[in-house]
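Structural overview for review
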Amino acid sequence: MFIKRYFLLLAIALPLFAGVKHLSLNHAIKMLKKDNLELKISRFNEQMKQYEAKAAEGFHYGKLDLTVAGMRSNDAGNVFGFKLQSREATFNDFGFDQFLGQMGGLPGNAPELLATQPDNLNYPDTRNHFQTKISYMLPIYTGGKLTEYGHITDSLHRMSQLDTKKLLNEKIFQTKKAFYDISLVENYIYNLSKIIHNIERLKSIVKSMQKEGYAQNIDLLEVEARKAEAESMFNQAKLNKDLAYQFLSFLLNTEVSTIKKVNDMAPMPRVTAREVEANNLDIQKALLGLEITEMAVNVERSNFLPTVGGFAEYGSADDKLWNEFADKDAYTVGVQVKWNLFSGGTDDANLEKAKVNRLKVKDQVALAKSGIALQVKKLQTEILSQSADVKSYKKQLQFARKVYENYSARYKEGIVSISDVLIKQSKELEMLLKLLSVKNKRNTKIFELNSILNAGGNV
């Protein structure tokens, strides 16, 4: 019974540890957008920038505070102030009891009466004081500074969105490259296995000829050495495939066991100068940066203008919390105007600095446009060159295979040596490696071009 339960639990748990199988590229990109950890972190940065923009907008609406304070003191100034705030001050608090007691001796004791120190004023009893106050402060005019700060924080939020899009393009580039690398290396493994199979057949031929006295032991050793070399390349290719799967699993934050193979030649994208300038994220970021420098100039210019703020305050105080609140309430309203008339030239210098920075960023935008256009042209040229190399190496590989087959047949007839056959077989391996390498380079350049064109998709 225990064994049955064990096998049942094992059967249920196995799918949990198995990786995703037969994963398509489109599904992988969907998983990437949803699960990639770097993209998640970038989106958190977006959210923080969005909240910063909301916080900047909130300054326009002022600030409302509720303050509840509780105090206890026997300090003469505090106690008298407490009574005034509570609207409970009396003449007795000024020591009028002592004053009236000495009124009968006037005018003879007038100097002593004036020199009397009232005990009720100087040595009051300890008193509690509770004050509840609502305060509201509102910026009425700031020379446009608050408005520009709001625009800047909103633009920084948009900048963070462009950063996320750029990161997404990079991750899509890496995902596509992993898919094409795996497909390419599987094709390479397949061709290597055929070569190893051919070497194995050659080995059988050498053994047969050795029995008949037409081949020597050194011929067999040469073939076995070549087979060992091909098997080593085969094992290395399998390790590279495993590494590509591990990287793909890291990108998708999910274990991937197998994928649906794609064509090992990525399609060339359509490119126009207008689309490059309109869609490239580096250019968009540079243009947004230029907008931010315009806003920064306006911020510095606002330092030459006055600021106007209003405030209102309402509250009540008593020696008991919220006692007779309406009877003892009070309010204050006011407006403040502040205008800096002289700052030693600091504001002028900061304004000129902001203007120079705007000119610098304007040139950076032009540089970004020309630099991206040059990079696109360079990639297109390299891709066309590598496409031509692919065609050339394919033909050379086909020729090398035919030559190897021809030399293998001639070896059976005793016309050529085993070394000649293996040299031709080595040429086939060389062409296969060159074809693999140039296909990989071409795919990488195409994915780079797609990334520049912002063809990865939306966040």
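So, a few notes on the structure that sits alongside this text. (Residues numbered from 1 in each chain as written. Predicted model: local features only at pLDDT ≥ 70, side-chain atom pairs only at ≥ 80, totals over all residues. Heavy atoms only, no water.)

**Things to note about helix H9 (residues 217-252)**
With 36 residues, H9 extends 53 Å from end C-alpha to end C-alpha; this agrees with the ideal 52 Å at 1.5 Å per step. Immediately beyond the C-terminal end of H9, within one or two residues, lies Asn253, with a positive phi of roughly 55°. (Helix = DSSP H or I, 4+ residues; strand = E, 2+ residues; numbered from the N terminus. Expected span 1.5 Å × (residues − 1).)

**Focus on the pattern of salt bridges**
Under the criterion given, the structure shown has 27 salt bridges. The partner of Lys171 in a salt bridge is Glu38, with the nearest N and O atoms 2.8 Å apart. With a gap of 133 residues between them, Lys171 in helix H8 (residues 145-211) and Glu38 in helix H3 (residues 37-58) connect regions that are remote in the sequence. According to the relative accessible area criterion, Lys171 is buried, its value standing at 3%. A relative accessible area of 34% means that Glu38 is categorised as partly exposed. Residues participating in the shared-partner salt-bridge network are Glu88, Arg127, Asp318, Glu324 and Lys328. (Salt bridge = Lys/Arg side-chain N within 4 Å of Asp/Glu carboxyl O. Buried < 20%, exposed > 50% of the residue type's maximum accessible area, 1.4 Å probe, protein only.)

**Description of helix H2 (residues 25-35)**
By the burial criterion, the buried members of H2 are Leu25, Ala28, Ile29, Met31, Leu32 and Asp35. The arc enclosing the buried residues of H2, seen along the axis, measures out at 160°, which places them on a common side. Of the exposed residues in H2, those oriented more than 90 degrees away from the buried face are Asn26, Lys30 and Lys34. Buried residues in H2 make contact with H3, H8 and H9. (Arc of directions from axis to C-beta. Contact = heavy atoms within 4.5 Å.)

**Some points on the packing of aromatic side chains**
Applying the stated rule across the entire model yields five aromatic pairs. Measuring from centroid to centroid gives 6.3 Å for Phe247 and Phe250, while their planes differ by 25°, and the two rings are stacked. Pair noted here: Phe247 and Phe250 are both in helix H9, with a separation of three residues, about one helical turn. Classification of Phe247 as partly exposed rests on a relative accessible area of 36%. Put simply, the rings of Phe173, Tyr180 and Phe447 touch in pairs and so form one group of aromatic residues. Over the aromatic face of Tyr407 sits the side chain of Arg410, whose NZ or CZ is 4.9 Å from the ring centroid. Taking NZ or CZ as reference, Lys424 lies 5.2 Å from the ring centre of Tyr407, over its face. (Phe/Tyr/Trp six-rings, centres within 6.5 Å; stacked < 30°, edge-to-face > 60°. Lys NZ or Arg CZ within 6 Å of the ring centre and 35° of its normal.)

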